[in-house]
Amino acid sequence: MTRPHAALAMSARAAEAVLSPEIRKQLAEITDLDEHVLTDFRTDEARRVLATAEILVTGWGCPPLDEETLALAPRLRAVAHTAGTIRHHITEAAWERGLAVSSAASANALPVAEYTVAMILLAGKRILESARAYTARRGREDWLHPDPTLGNYRRTVGILSASLIGRRVIDLLRPYDLEVLLHDPYVTEDEARALGVRNIPLPDLFAACDVVSVHTPLLPATRGLVSRPLLAALRDGATLINTARGAVVDQAALTGELRAGRIRAVLDVTEPDDGDLPPDDPLWDCENALLTPHIAGSQGNEFGRLADLAVSEVRRWAADEGFAHPVRRERLEFLA
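Please read these numbers as outputs of a predicted model, since none were measured by experiment.

Spatially, the five strands line up as an open sheet ordered β2-β1-β3-β4-β5, and their pairing is parallel. Two strands lie at the open edges of the sheet, namely β2 (32–38) and β5 (100–102), each paired on one side alone. Strand after strand, the sheet turns through a mean of 15° between neighbouring axes, direction not considered. Pairing of strand β4 (residues 78–81) with β5 involves three bridges; the strand directions are parallel. When the bridges of β5 are listed, A78 appears paired with A100.

Moving on, we get to the packing of helix α6 (residues 105–124) against helix α13 (residues 303–318). Between α6 and α13, the shortest axis-to-axis distance is 8 Å and the interhelical angle comes to 160°. It follows that α6 is roughly antiparallel to α13 by the angle criterion. By crossing handedness, the relation of α6 to α13 is classed as right-handed. Contact residues: α6 offers S106, A107, N108, L110 and P111, while α13 offers R305, L306 and L309. Looking at side-chain class alone, the contact of α6 with α13 contains five nonpolar, two polar and one charged residues.

Let us now look at the domain arrangement of the protein chain. Segmenting the protein chain into domains produces domain 1 (5–98 + 300–331) and domain 2 (109–291). The gap between the C-alpha centroids of domain 1 and domain 2 is 35 Å.

Either a parallel or an antiparallel arrangement is found when strands of a sheet pair, and the pairing is made through backbone hydrogen bonds. Strands sit in the order β8-β7-β6-β9-β10-β11-β12 across an open sheet of seven strands; the sheet is parallel. Edge positions in the sheet fall to β8 (198–199) and β12 (289–291), since each of these pairs with one other strand and no more. Sheet topology places strand β11 (residues 264–267) next to β12; three bridges connect them, and they run parallel. Along β12, the bridge assignment pairs A265 with A289.

To continue, consider the packing of α6 against helix α8 (residues 164–172). Two quantities define a packed helix pair, namely the angle between the axes and the distance from one axis to the other. Across the interface, α6 lies against α8 with an axial gap of 8 Å and an inter-helix angle of 50°. Comparing the axis directions of α6 and α8 gives the class oblique. Classified by chirality, the crossing of α8 by α6 is right-handed. Taken together, the residues of α8 that come into contact with α6 (itself represented by A105, S106, A109, L110, V112, A113, E114, T116, V117 and I120) are L164, I165, R168, V169 and L172. Partitioning the contact of α6 with α8 into residue classes produces eleven nonpolar, two polar and two charged.

All right, on to unusual backbone geometry then. Glycine aside, residues mostly have negative phi, and peptide bonds are mostly found in the trans state. The amide bond that connects E271 to the next residue, P272, takes the cis arrangement and shows omega of 10°. Its identity as a non-glycine residue notwithstanding, H294 has a phi of 55°, on the positive side. For H294, a relative accessible area of 41% corresponds to the partly exposed category. Unlike most non-glycine residues, D320 shows phi in positive territory, near 60°. You can see D320 is positioned in the segment after α13.

A separate point is the environment of M10. Structurally, M10 can be placed in the loop between β1 (5–9) and α1 (12–18). Taking relative accessible area as the criterion, M10 reaches 0% and is therefore assigned buried. In sequence terms M10 and V57 are 47 residues apart; their C-alpha atoms lie 8.3 Å from each other. With residues up to four places along the chain from it excluded, the contact list for M10 reads A15, L19, V37, L38, T39, V57, T58, G59, W60, G61, C62 and T82.

To continue, consider the pattern of salt bridges. This structure, assessed with the given rule, holds 19 salt bridges. D210 serves as the salt-bridge partner of R155, at 3.2 Å between the closest nitrogen and oxygen. Linking R155 in strand β6 (residues 155–160) with D210 in the loop between α10 (202–208) and β9 (211–214), this pair joins segments that are 55 residues apart in sequence. D210 carries the same exposure label as R155, and that label is buried. R193 is the partner of E189 in a salt bridge, and the nearest nitrogen-oxygen pair spans 4.0 Å. Of this pair, E189 and R193 both sit in helix α9 (residues 189–195), four residues apart, roughly one helical turn. Given the relative accessible area of 63%, E189 is considered exposed.

Conventions we followed
- Residues numbered from 1 in each chain as written.
- Predicted model: local features only at pLDDT ≥ 70, side-chain atom pairs only at ≥ 80, totals over all residues.
- Heavy atoms only, no water.
- Pairing = 2+ DSSP bridges.
- Helix = DSSP H or I, 4+ residues; strand = E, 2+ residues; numbered from the N terminus.
- Axes fitted to C-alpha atoms, helices over the stretch in contact; angles between N-to-C directions.
- Parallel < 35°, antiparallel > 145°, perpendicular 65-115°, else oblique.
- Left-handed = near helix turned anticlockwise from the far one by under 90°.
- Contact = heavy atoms within 4.5 Å.
- Nonpolar A, V, L, I, M, F, W, Y, C, P; charged D, E, K, R; others polar.
- Domains from an automatic or database assignment.
- Buried < 20%, exposed > 50% of the residue type's maximum accessible area, 1.4 Å probe, protein only.
- Salt bridge = Lys/Arg side-chain N within 4 Å of Asp/Glu carboxyl O.

This is the structure we're talking about:
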């Protein structure tokens, strides 16, 4: 059987992180792989590689597959992406070509969900305040004092959106003594029951929960979704966790609530989404906010999970079995 021609397209740093020698070896066993990593589709080398490529293995930093690029790749039929969102490189022209597209979003969802669950549990323990006070005292205080707002027994956790990651979080929370609520307008009662949660209106979610975790993709309809009134509805001492996109939350309103000391936040993403928080942003000075630099997704050896999924997808495609994790054009409005 003739092996399909395959090419690699992503940034040099992404290739170094994701495409280990073992992964390249596996791809070369399945396909006729050109191991030159394309970082720019306008070079002579790219023109040579694209002329015969039937499947592209892409990653972070892949240039857009626009009409001009697709004209250079007349045999291209599929794209296997080693990361999550495909919005940055799969263009309308690519969909019009009818390319089959796969994404490793499901593999990247797991570390985000793990991070979220860890932060939910640590929020219940008030880890920021405890660690800060312990360091300041150079010792512990009397811990045998009743405080019904401290701990993780029978607390209420709200999940905003049953996305890939939201569903993973719900699943990982099953072993704990927590009540899990959901808001997702696209989830039916039967689906919510199967997930083991109650699907409730958005204002009720914020009013009822000790922790609210945001898993909503950034779409025109979700920009600023977590609004000033919703944040004001949070209980005193509640925690907002955001691992989705910074712009889903009204950051100015959140900063106001944090500076007032009324709530807590764990923010792995902030606004602007495409860069660091400005150095003079008041969020840096909020002691009740834990800011992390977009690390909830795959890091270090977790890149191997993304690469393994992509190899599996290429193997299926080469065997004419179709992708197991396809991205459907008609689902784009719901995807990150």
